[in-house]
Amino acid sequence: MSDKRKSNSYLPSILAATGVGVLAVCCVLGYRHWQPFVVKTMLDPNPIRVALSLDRDWHGKLGLSTKNYEVCLTAAGAAIRVVDVNKDNVDEVLSSVDAVVIGAGGDIHPDLYESTQKHPTGLDKARDEFEIKLVRGAYQRNMPCIGVCHGNQLMNVAFGGKLRSLKETEPAAYERHGPGVKSLDAHSVEAVPGSWTAKLLNGTVARVSSFHGMAVSKPGSVFTATSHCVDDGVIESTEATDKSHRFFISTQFHPEFPPYTMQGFFNKLIEEIGRAHV
């Protein structure tokens, strides 16, 4: 094998190691700032409680892809209940919290929607099934909810939405949206004026991070697409069409990563909790 080919064969490993390193640094930096908020929340006799569903893959269990959600939610003033899909009961979880957050993860299991995907990755059917019940229950209770990346796709599938594979059928789009060296500043999104997404991005156009190979092709029945990728039209966020659901939103981009860069999404979740049951 030539030196050039050897070098190319190492590239995926180098990129993966770089990505893990960046995640680790961000988690450590976020953790340092996170601690005062943890103490404050622990001292609150009646804290706002948020159910958080996280990736159960190895990087999720190590906190590399999950700790930032805890950092951002705690900074917003939430006490977090990380759900256990194998042990928890959906109704009991919903009765004990004020809001729901569905974090990133693997592909949605093909059995749960009309999938044409040939090679899904990171499947966790038990998690998907639990989360579908969780977000449907949250919607019925008019409970604030955010879904990110996997969570965006899951929330739309829960209400009959459809997904498409960028990785398998749209290589140019996948190069832009998939994990890589440019993921933290992947592309621009354009948001619908007046939407929550536009308000929280502080404008209708913003740069975002991106780490996905699947995308929503048709929003779920209760959702309207509220932002798209400027370059290729990929749906980047959806929000509940019924405005009585004051904050039922999903984003394909990552407002939690790096920590605090889009903290407004989590602050707004906590702010809206007081209005959810009006």
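Residues numbered from 1 in each chain as written. Predicted model: local features only at pLDDT ≥ 70, side-chain atom pairs only at ≥ 80, totals over all residues. Heavy atoms only, no water.

Caption draft 1: Inspection of the overall build of the protein at higher detail. Each helix and strand counted, the protein has 10 helices and 11 strands in total. A total of 278 residues make up the protein; the buried ones form 50% of that total. The contacts in the protein between residues at least 6 apart in sequence include a share of 70% that link residues at least 24 apart. Working note: accessible area of the protein is about 13,100 Å², and carbon and sulfur atoms make up 54% of it. (Helix = DSSP H or I, 4+ residues; strand = E, 2+ residues; numbered from the N terminus. Buried < 20%, exposed > 50% of the residue type's maximum accessible area, 1.4 Å probe, protein only. Contact = heavy atoms within 4.5 Å. Areas by Shrake-Rupley, 256 points an atom, 1.4 Å probe, with all protein chains shown as cover.)

Caption draft 2: Highlighting empty space enclosed by the protein. Scanning the entire structure with this criterion turns up two cavities of 30 Å³ or more. Lining the second largest cavity we find Trp196, Glu239, Ala240, Lys243, His245, Arg246, Phe247 and Phe248. Its residues placed into classes, the lining of the second largest cavity shows four nonpolar, one polar and three charged. (1 Å grid on protein atoms, 1.4 Å probe; cavity = no way out; pocket = protein on both sides within 12 Å on 5 of 7 lines; lining within 4 Å. Points joined across faces, edges and corners; volume = space filled by probe spheres on them. Nonpolar A, V, L, I, M, F, W, Y, C, P; charged D, E, K, R; others polar.)

Caption draft 3: Representation of the packing of helix α3 (residues 67-76) against helix α10 (residues 264-273). Running from N to C, α3 and α10 cross one another at 50 degrees; their axes reach a closest spacing of 8 Å. What the angle tells us is that α3 and α10 run oblique. Like other packed secondary-structure pairs, α3 and α10 cross with a definite hand, here right-handed. Every residue of α10 that contacts α3 at Cys72, Leu73 and Ala76 is listed here: Phe266, Asn267, Leu269 and Ile270. (Axes fitted to C-alpha atoms, helices over the stretch in contact; angles between N-to-C directions. Parallel < 35°, antiparallel > 145°, perpendicular 65-115°, else oblique. Left-handed = near helix turned anticlockwise from the far one by under 90°.)

Caption draft 4: Up close: α3. For α3, a buried count of nine out of 10 residues is recorded, marking the element as mostly surrounded by other parts of the structure. Gly77 occupies a position one or two residues after α3 and carries a positive phi of about 110 degrees.

Caption draft 5: Summary view of the packing of helix α5 (residues 125-140) against helix α6 (residues 150-158). Where α5 contacts α6, the axes come no closer than 9 Å and their chain directions differ by 65 degrees. On the basis of their axis angle, the class for α5 and α6 is roughly perpendicular. Between α5 and α6 lies a crossing whose hand is right-handed. Seen from α5, the contacting residues are Arg127, Asp128, Glu131, Ile132, Val135 and Arg136; seen from α6, they are His150, Leu154, Met155 and Ala158. By residue class, the composition of the contact of α5 with α6 is five nonpolar, one polar and four charged.

Caption draft 6: Broad picture of the sheet that holds strand β2 (residues 78-82). The strand order across the open sheet built from nine strands is β2-β1-β3-β4-β11-β10-β9-β6-β7, with neighbouring strands paired in mixed fashion. The open sheet has two edge strands, β2 and β7 (205-208), and neither has a second partner. The average undirected angle you get between the axes of adjacent strands in this sheet is 25 degrees. Inspection of the sheet shows strand β6 (residues 187-191) paired to β7 by four bridges, in the antiparallel sense. Each bridged residue has a counterpart across the sheet, and for Ser188 the counterpart in β7 is Arg207. Relative to strand β3 (residues 99-102), α5 is tilted by about 145 degrees, and along the sheet it contacts β1 (48-53), β3, β4 (145-148), β10 (235-240) and β11 (248-251). (Pairing = 2+ DSSP bridges.)

Caption draft 7: Broad picture of the nonpolar core. Counting residues in hydrophobic clusters, the biggest one holds 33 residues, and the most contacted among them are Val100, Leu134, Val135, Phe159 and Phe248. Of all elements in the fold, only α4 (90-96), β3, α5, α6, β8 (214-218), β9 (223-229) and β10 reach the threshold of two or more residues within this core. Per-element accounting of this core gives the leading share, six residues, to α5. Ignoring sequence-local partners within four residues, the contact set of Val100 consists of Val50, Ala51, Leu94, Leu134, Ala138, Met143, Pro144, Cys145 and Ile146. Core analysis: the next-biggest nonpolar cluster, separate from the first, contains 28 residues, Ala78, Ala104, Val189 and Ile273 among them. (Core = buried A, V, L, I, M, F, W, Y, C linked by side-chain atoms within 4.5 Å.)

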